[in-house]
Structure formats: structure tokens, C-alpha cells
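Analysis of the macromolecular model
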Amino acid sequence: MKVMKFGGTSVGSVSSIRNLKNIVEREVKHQPIIVVVSALSGITDQLIATANVALSGNENWKDSYEKMKERHQKMIDAIIDNNLDREILVNKVDTLFEQLRSIYYGVYLIHDLSEKTMNAIVSYGERLSSQIVCTLIRGSKLMDSLEFIKTEHRSNKQMLDSDLSNKLVKDAFSEMPRVSVVPGFIATDKNTGEITNLGRGGSDYTSSIIAAALDAEMLEIWTDVDGFMTADPKVIKTAYTINELSYVEAMELCNFGAKVIYPPTIYPVCIKNIPIRVKNTFNPENPGTIIKDKIEDDRKAIKGISSISGTTLITVTGLSMVGVRGVNRRIFTTLANNGISVFMVSQASSENSTSIGVRDEDADDAVRVLNKEYAMEIETGAMFPMHAESGLAAIAIVGENMKHTPGIAGKLFGTLGRSGISVIACAQGASETNISFVVDGKYLRKSLNVLHDSFFLSEYKVLNLFICGVGTVGGKLIEQIRSQYDKLKKNSQLKLNVVGIASSKNAIFNRDGLDLDNYKEQLKLSEPSNSMLLSENIINMNIFNSVFVDCTASKDIAALYQSFLEHNISVIAANKIAASSDYDSYLKLKHTALARGVKFRFETNVGAGLPIIGTINDLLLSGDKILKIEAVLSGTLNFIFNTIAADVPFSETVRRAKEQGYSEPDPRIDLSGTDVIRKLVILTREAGYKVEQADVEKHLFVPDDYFKGSVEEFWDRLPKLDSDFEERRQKLEKEGKRWRFVATMDHGKTSVALQEIGPNHPFYNLEGSNNIVLLTTERYKEYPMLIQGYGAGASVTAAGVFANIMSIANV
């Protein structure tokens, strides 16, 4: 036979209770079934709330009572088609509601609500629902759990009398009906006969007690989820159903916040080795989660992550605790005697402090009773008053295979540390089934996400991107991400989640990911933004595996990098300002990234998509030394000097460079050599030398006064330089040479100059807007390393930024 328990949501609506009927009628064809039901969803809370309204002397209890009665009557009208059956059921339900009304009225009159009375009131939820289900399933028999589930008063609360209940269950079901319907949750005191209960969630427990007593083949828990999930799906979008769990794993997850099963449920069936299957009433074809003793072919070290928000950590500390027996006994006895549950304990090996985790609502009482218990020690200074820290969250990673997998704890704390999450306290038993730890509550979502992703519980590795700048480079980058999105998910199990996009005036955010097909329209409709608001939004989102991508040329945006890195947000910059700023600031950014375990990447600062910076880094890491760098680093200037001709004067080449997107909006930035100087400074620094922009020796080809005044004035005056350039060009042409604006670093000394290059030089045949770099190192001294290719253009720059993103994803 099989025991099937259906929760509140499974009987809470017309459609769900019909699903219940179909499920039971399908199963009963194969074996006898015992159906245990909860109250209709929300009814238990409503019963309690109505009692409290009556206690206050407020006549509104009648309205609440009538709403409950009406809900049950509507349910009956909707699901019971047979008139006679409906009439009989209505009479039974009306009788129960009249009893309930009398109790409420008594509470209202005498302004008293004892535990005994409250227990009687909350019992009506299951007593009513079981009558409805029994009538709905034709041929079923109602079995009154008040007659065979017995409790006794121990330690200030009602606890199950297992031996007596087991005997009574066996007697009650000695003649097994084909379908039995049992109200869950409720019980009676074995001594007084008064109505009691098994606690919130006790219907699960009822079903487990019956299954164990009758040696059922299976216990099925039917609820509104597909089973145990790897994490809370409301927080982790990629959480998925766990196919199999051991009893120990399920118990650990339940005790630490997974609300799938009431924790005491597992014990009775565990000792009888009866499997539990958790299934979804609304998706009955899903196999759900099976809980049993031995899991076959179980290779995953971590099965699931569970959490408890609203946690308070209370620290009991004092020098008198060291080496003294019974200190912890006093702590836990005091708390237990006052009905306060402790779900986590962490003790220093020095024995001078013990930290305990309780729920926020129990914190004040726990501090009060512990201060009272240790009042004498506190008065003498042997111990300190209790210290409570609230607003925390407790998290547990669970899996029996952890004990067979070295390095789990190291990976756990390393992952949290790289995400900027501090662990306040931690605990792990010798069984190594559960590692529990406490973090600041504001980091709960981030902690769960980063751990779920790190331990490969997620189907995909997720990288959350904030893209700043939607111009030529930023726009192309977004296009490339959109076009590669599905391919990366399929082939690399990588999900690039763009959670923020900012233009110069507006910003949009969505932690679940933005729609890249219409982000421009969303930006137009969004609230105005600036660099400070942008920073606040990104940091306050507190999202895991986050990367800020700067596709602007803004000094204000570059100034945000330090704060982002300090908050464990990686930074990828197409913007050259930060890496070429004063040396101390550049070094601080690098050191912060290293200390925080995040990345500061800026490969496209030099050579767009060319692997120049990465190559220099690799050479240094392998023990080489950069002696000299010679480079043509401006695609704009190379385009200009490759385009200039007898029929294309200098001013026209500059105009074409701007029109074709090679130059900055103000081409004087390129002509002044500022862009090349920044790039040279960056390469020199990455090569291991300390240099500032002011240290670079400049030999420019446009007079200084052309860089003063407005852009319009510059364009008006520019043609005046054409004749001089043409005269020099003709001379250069006769000598078989070409102009190249060359950046040079020689043993730390830097310079930029327009040079005349002969046909035997590697720079001579450089075409279009290409860049070229010669690296002379201790290993590549006789034949320098040459890197050449497109050095400008939105698409290749965006591709270089994309490559930096992928390099972070693959770490």
C-alpha cells in the first residue's frame, strides 16, 4: 500500500482538488491508498487570525468566519456533482462550522484564548478538508486521526507518543479500505483526550507516522513544486529539481530552510527504509524527488544549497568558559526550557566563546534568558553580557559526497571571498554532510547565486554584465553578445546576462537580464542617470559574478573603477583614461583587483582587438623581460598617412578619417598624439616600467596653435597645412619612404614622433588603419616579436572587449 499526503495548495482550489482526485483514482487501481490531507491553503492562518480578532473583542471575527465558511461551501458546490452527496456533505460541514462559531463566540465573550482552545480551533481546517476530499473520492472511507495519533505533554510542549500511535494506527487500519482519507496535523493528548496537533507542517508528519506503522511501500508528498530544488528558485533562476537525495541530505536541507517537507517527517520512514517521493499536484507527470537510503551512481559532492534569512547570531563569551565543563549544557538547557530553538552552533577551539544561531524573532528572549542564567558570572566580569547580531542569514551547502571530495570548504570560502562576502561564523560536523555559515543578510541572494554557480549546480555559468556606453563600440558589443548568446549557452554552458545598460544620459537595469532586442527603446523611456546614480545602482544591486564594461571615453566613468573593484565587480575597459592616468592610481587599481580576486582588463586600450597587452603579460609571467617597444598605435594616423596623396591633401585625409569612424569626434585628440601617448604609457607600464604621460618625449607634426580654439576653427584652418605636407610628401615619395607615427619605449625611456620609414622596415607596408608592434625582449632580441592587424574600428574593438569578457568567464 501507499500513503499519499496532499498539502494545502493541493486542496486549495477547484482545479487542484480535482487533480488530487485524478491522481488518487489512477493509483488506487494498483494498490490500496491512504490519503492524508492538509487544510485548504491559507485556512490555518485564517483560523488563528480570526481567533485573535475575537480575543480582542472585535466583532469583525464574524466577517472572517463567514468568509471561511463561504469558501468551503463554494468549493463543495463546484466539485460535488451528486445532489445527495452534496447535501450530506453540506450538513457535515455546517455542523463543524457551527461548533467553530461557538468556540469563537466564547473567546469573544470571555476575552480568553488558551492553548487548549487554540488547538481546537486550528483542528477544524483539516477536519473540514478531509470531509470534502472523502466525499469527492467515491468509495473512500474517512479515518479520524484524533483516534490514533496521540501526543503527550513533555518539556513544555506536546510531543508524539510513537509507540502508542503506532499501535493505534495498526489497529485502525487492520481492515484496509481501498481508499482511506485522513486529516493530517491533528492529534489528541493520550491522557486528557484534548485536541492537540503535531505543529505547523504536521500533516507531513501524520503521513510519515502512518506509513511507518503500516510498513508502506512508499510515502508520497504532493505539493506545489516538482520536488527538492538545488536552491530556492525564487532567488536562483537556474535552480533545478534534484532527482535523488539520501535521508540525511533531505533532513539537512529541511532543517536549514527548505520548506518542501516538515523536518520530523523523515525520521519515522527512514528507520523503516521506506522511500519518500515528493511530487507536484499541478505537474503530476514530473518524476519529482525520491528520498531513500542509498543513492546509486551518486557523483555530485554538493546536492543542494539551503538558507535561513532573519538570523541572529548570539555570542556567549568569557574567560571563565575555558576548560570549564557544562558551560554549553547551561546554554542549551536554558534556551530549550524557554522554547527557543538553535539551528547552528559555532565554537572557538580556545573554548572562550560559543556562537549560536537563532531566528530574529527569538533573539531578544534568548539574550534575556542567557543574561539571566549567567548573571553572576557577568557581574563578576568572568563572562561578558550576551552579544547579539541580527539581520544576518545562515546558509548551508549539503551533500553526503563532500566527505569524499577534498577542498570543498576551501572552494566555498574562496568563492565567497572573491565575491566580497565575509563569513561571520561557520560550522561543520565530522560527518561532513553540511557546511553551514552565516553572512550579512544583504549578501544572501549574492551568496546563493555565486555558490550555486561555482559548484556547477547551475546548468550554465552566469556572467552578469553592466555595459556603459552604447555608441559605436558599445552598440557593436551588444550586437555581438546578442548574436552569440544562444551559441555560448549551447556549446559553452555560458549565459551572458546583460543586467544593466547605460548611455550618457539614461540607464536601465534588470537583475534577470535585459531584452537586447529593444534596449534602445527602453533607454529612451528610462529615468535620467549620471555617473553617481549609475555607481549606486550597480553596487546596490549586489549581484554575483558581475562585470562592469566601459565602452566610453569618459573620465567620470573611469573614476568609478576603484569603487567597483572594491565591491568585487570586475572591470573591462575600452576607455584608456584609467590605465593611463597617474601611475599610483593605475597601480592601485591593479592591486585592488588582485586583492579582491576580481579582474581589471583593458586589452583594447591598445590595438583594439590585437593581443598586445595579453602577450606582454604572458612574456613577463614566463620570466622574459621587455627591453624595447616600437609601435604604430594609431589606426587614425596610419589611415591618414596611408591615404594622403597628390590628389588627396592632408586636410581631406583627416576629414575622411572622421567620416569613416577612425578618428575621435574631435580629431585633434589623434593629431596631438594624445591617444598614442596614452597607449605607449599603458604598454610601458604593463612591460614593468614606471612612467607618466608627462615623461613621454613628443615630436609632433601639427603646430601647437592648431590645438587651441573650437573644433570649427580647427577645420577652417586645417587646409593651410596642405601645401607644406604636399611638398614634404613629394620629397618622401622620391626617396621611396613613408610616414609612420611611431611610439617607442627603450629600456623605460619613451617618445612619440613622425618618422620616415624605408622599404626594408617592418612598418613600411602597414596598410589602412592597421597597428603594428615590435617587441624586443631578452628572448626575442635578434628577431623581435611582431604583432600586426586591425588597430581601430568599432567591430574589432568590440570583439576585443568581448574577448576580455570571455577570458573572465573562463577563469
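Within each chain, residue numbers correspond to sequence positions counted from 1 in written order. Whole-chain, interface and lining totals are the exception, using all residues; otherwise, since this is a predicted model, local features are given only for residues with pLDDT of at least 70 and side-chain atom pairs are given and counted only at 80 or more. As a rule here, side-chain values come from all non-hydrogen atoms in the structure, and water together with hydrogens is ignored.

1. Topic: the overall build of the protein chain
Segments assigned H or I by DSSP are reported as helices when at least four residues long, segments assigned E as strands when at least two residues long, and all are numbered from the N terminus. Counting its regular elements, the protein chain contains 28 helices and 30 strands. Radius of gyration here is computed from C-alpha atoms only, and the compact-globule reference equals 2.2 Å multiplied by the residue count raised to the power 0.38. Over its C-alpha atoms the protein chain spans a radius of gyration of 36 Å, topping by over 25% the 28 Å that the globule rule assigns to 811 residues. Whether two residues touch is decided by their heavy atoms; if any such pair falls within 4.5 Å, the residues are in contact. Partitioning the contacts of the protein chain with sequence separation of at least 6, the portion at a separation of at least 24 is 71%. When the 91 positive and 99 negative side-chain charges of the protein chain are each reduced to one mean point, those points stand 2 Å apart. A residue counts as positive if it is Lys or Arg and as negative if it is Asp or Glu; His and the chain ends are not included. The atoms used to mark charge sites are NZ of Lys, CZ of Arg, CG of Asp and CD of Glu.

2. Quick word on the sheet that holds strand 19 (residues 461-468)
Read from one edge to the other, the open sheet built from six strands follows the order 21-20-19-22-23-24, with strand pairing classed as mixed. Lying at the two open borders of the sheet, with one neighbouring strand each, are strand 21 (507-509) and strand 24 (600-601). Inspection of the sheet shows strand 19 paired to strand 20 (residues 494-502) by eight bridges, in the parallel sense. Opposite V462, over in strand 20, you have K495 as the bridge partner. In this analysis an axis means a line fitted to C-alpha atoms, helices contributing only their contacting stretch, and an angle means the value between N-to-C directions, from 0 to 180 degrees. Seen against the sheet, helix 17 (residues 531-541) touches strand 19, strand 20, strand 21 and strand 22 (546-550) and runs at an angle of roughly 10° to strand 21. By the convention used here, strands pair only if DSSP detects at least 2 bridges between them.

3. Considerations on the side chain of N401
Considering the arrangement of structural elements, one finds N401 in the loop between strand 16 (387-398) and helix 13 (408-418). Any pair of N or O atoms that falls within 3.5 Å is considered a polar contact. Within protein, one atom must be able to donate a hydrogen and the other to accept it, and sequence-neighbouring residues count only if both atoms are side-chain atoms. Only 3.4 Å separates the side chain of N401 from the backbone oxygen of K300, close enough to count as a polar contact. Those residues in contact with N401 that lie beyond four places of it in its chain are D298, R299, K300 and A301.

4. Focus: the pattern of salt bridges
Salt bridge, as used here, is a side-chain nitrogen of Lys or Arg placed within 4 Å of a carboxyl oxygen of Asp or Glu. All told, the structure shown has 33 salt bridges when counted by the stated rule. Between K116 and E194 there is a salt bridge whose closest N-O contact spans 3.7 Å. Here the residue K116 occupies a position in helix 5 (residues 115-136), and E194 occupies one in the loop between strand 7 (186-189) and strand 8 (195-197), the gap between them amounting to 78 residues. Residues R656 and E652 are paired through a salt bridge, measuring 3.2 Å at the closest nitrogen-oxygen approach. One end of the pair, R656, and the other, E652, are both in helix 23 (residues 650-659), four residues apart, so they sit about a helical turn from each other. To sort residues, take the accessible area from a 1.4 Å probe on protein chains only and compare it with the maximum for the residue type: under 20% means buried, over 50% means exposed, and anything in between is partly exposed. Residue classification places R656 among the partly exposed residues on the basis of a relative accessible area of 30%. Assessed through its relative accessible area of 27%, E652 is described here as partly exposed. Through salt bridges that share partners, E152, R154, D161 and K190 make up one connected network.

5. Re the nonpolar core
Residues grouped as a nonpolar core are buried Ala, Val, Leu, Ile, Met, Phe, Trp, Tyr and Cys residues, joined through side-chain atoms within 4.5 Å. Of all hydrophobic cores here, the largest spans 104 residues; its most connected members are I397, L451, F548, I629, F650 and F701. At six residues, the largest contribution of residues to this core is made by helix 25 (residues 674-686).

6. A few points about the packing of helix 1 (residues 14-27) against helix 3 (residues 61-79)
Look at helix 1 against helix 3: their axes get within 10 Å of each other, and the N-to-C directions meet at 55°. If you check the angle between helix 1 and helix 3, you find them oblique. Taken as a pair, helix 1 and helix 3 cross one another with a handedness that is right-handed. Residues V14, I17 and R18 of helix 1 pack against M75, A78 and I79 of helix 3. Looking at side-chain class alone, the contact of helix 1 with helix 3 contains five nonpolar, no polar and one charged residues. Here is the rule for angles: anything less than 35 degrees is roughly parallel, anything more than 145 is roughly antiparallel, 65 through 115 is roughly perpendicular, and the remaining ranges are oblique. Rotating anticlockwise by less than a right angle from the far helix to the near helix defines a left-handed crossing, while the corresponding clockwise rotation defines a right-handed one. Three classes are used: nonpolar for Ala, Val, Leu, Ile, Met, Phe, Trp, Tyr, Cys and Pro, charged for Asp, Glu, Lys and Arg, and polar for all others, with Gly counted as polar.

7. Regarding empty space enclosed by the protein
Think of a 1 Å grid over the protein atoms and nothing else: a 1.4 Å probe that fits but is trapped marks a cavity, an open set flanked by protein within 12 Å on at least five of seven lines marks a pocket, and residues with an atom within 4 Å of a point count as lining. Grid points are joined across faces, edges and corners, and a volume is the space filled by probe spheres set on the points. Taken as a whole and assessed by the stated rule, the structure comprises one cavity of 30 Å³ or more. Within this model, the largest cavity holds a volume of roughly 30 Å³. In terms of lining residues, the largest cavity is bounded by V632, S634, L637, N638, F641, R740 and F741. Residue contributions to the lining of the largest cavity peak at three residues, all from helix 22 (residues 635-643). Looking at the lining of the largest cavity, its residues break down into four nonpolar, two polar and one charged.

8. Things to note about the pairing of strand 13 (residues 304-317)
With ten of 14 residues buried, strand 13 lies mostly within the body of the structure. Pairing geometry for strand 13 and strand 16, over ten bridges, is antiparallel. If you follow T311 over to strand 16, its bridge partner there is L392. Pairing analysis gives seven bridges linking strand 13 to strand 15 (residues 353-359), with the strands arranged antiparallel. Within strand 15, the position partnered with T317 by the bridge is S353.

9. Examining the pairing of strand 29 (residues 770-777)
Here strand 29 lies mainly inside the structure; eight of its eight residues are buried. Burial along strand 29 is two-sided: the residues N770, I772, L774 and T776 and N771, V773, L775 and T777 are all buried. Judged from the six bridges that link them, strand 25 (residues 626-632) and strand 29 form a sheet pairing that is antiparallel. Bridging from a neighbouring strand, K628 pairs with T776 of strand 29. One ladder, built from six bridges, connects strand 29 with strand 30 (residues 785-790); its direction is antiparallel. Residue V773 lies in a different strand from strand 30, and its bridge partner there is I787.

10. Focus: the packing of helix 2 (residues 43-55) against helix 3
Closest axis-to-axis distance for the helix 2/helix 3 pair is 8 Å, and the angle between their directions is 155°. By the criterion of interaxial angle, the relationship of helix 2 to helix 3 is roughly antiparallel. As helix 2 packs across helix 3, the resulting crossing turns out to be left-handed. In this structure, helix 2 uses I43, Q46, L47, T50, V53 and A54 to contact helix 3, whose residues at the interface are W61, S64, Y65, K67, M68, R71 and H72.

11. Digging into unusual backbone geometry
Although it is not a glycine, D215 adopts a positive phi angle of roughly 50°. Mapped onto the elements of the fold, D215 is located in the loop between helix 7 (202-213) and strand 9 (218-223). Given the relative accessible area of 53%, D215 is considered exposed. In this model, N545 sits at a positive phi of 40°, which is unusual for a non-glycine residue. Relative to the helices and strands, N545 resides in the loop between helix 17 and strand 22. Overall, N545 belongs to the partly exposed group, its relative accessible area being 22%.

12. Some words on helix 21 (residues 612-621)
Along helix 21, the positions that sit buried rather than exposed are I612, I613, T615, I616 and L619. Buried residues of helix 21, viewed axially, fall in a sector of 160°; they line one side. Facing away from the buried side of helix 21 by over 90 degrees, the exposed positions are D618 and L621. Looking at the buried positions of helix 21, the neighbouring elements they touch are strand 25, helix 25, strand 29 and strand 30. Following helix 21 by one or two positions, G623 has its phi on the positive side, about 100°. The directions considered for the arc run from the helix axis to the C-beta atoms.

13. Here's the deal with the sheet that holds strand 13
The strands making up a sheet associate through hydrogen bonds between their backbones, and the pairing can be parallel or antiparallel. Spatially, six strands are ordered 14-15-13-16-18-17 in an open sheet, and the strand pairing comes out antiparallel. The sheet is open, and its two borders are formed by strand 14 (344-347) and strand 17 (425-428), each paired with just one other strand. Mean inter-strand twist for the sheet, computed between neighbouring axes without regard to direction, equals 30°. Relative to strand 15, strand 14 is paired through four bridges, and the arrangement is antiparallel. Following the sheet pairing, Q347 is matched in strand 15 by T354. Of the strands in this sheet, strand 13, strand 14 and strand 15 touch helix 10 (residues 327-337), which is tilted by about 15° from strand 15.

14. With respect to a nonpolar patch on the surface
Residues enter patches when they are more than 30% accessible in relative terms and free of salt bridges; like-charged ones are connected within 9 Å and nonpolar ones (Val, Leu, Ile, Met, Phe, Trp, Tyr) within 5 Å. Surface accessibility in these figures is a Shrake-Rupley result with a 1.4 Å probe; residues are shielded only by whichever protein chains are displayed. A cluster of nonpolar side chains, contributed by Y105, L109 and I110, occupies part of the molecular surface with about 320 Å² of accessible area. With respect to the helices and strands, L109 occurs in helix 4 (residues 83-110).

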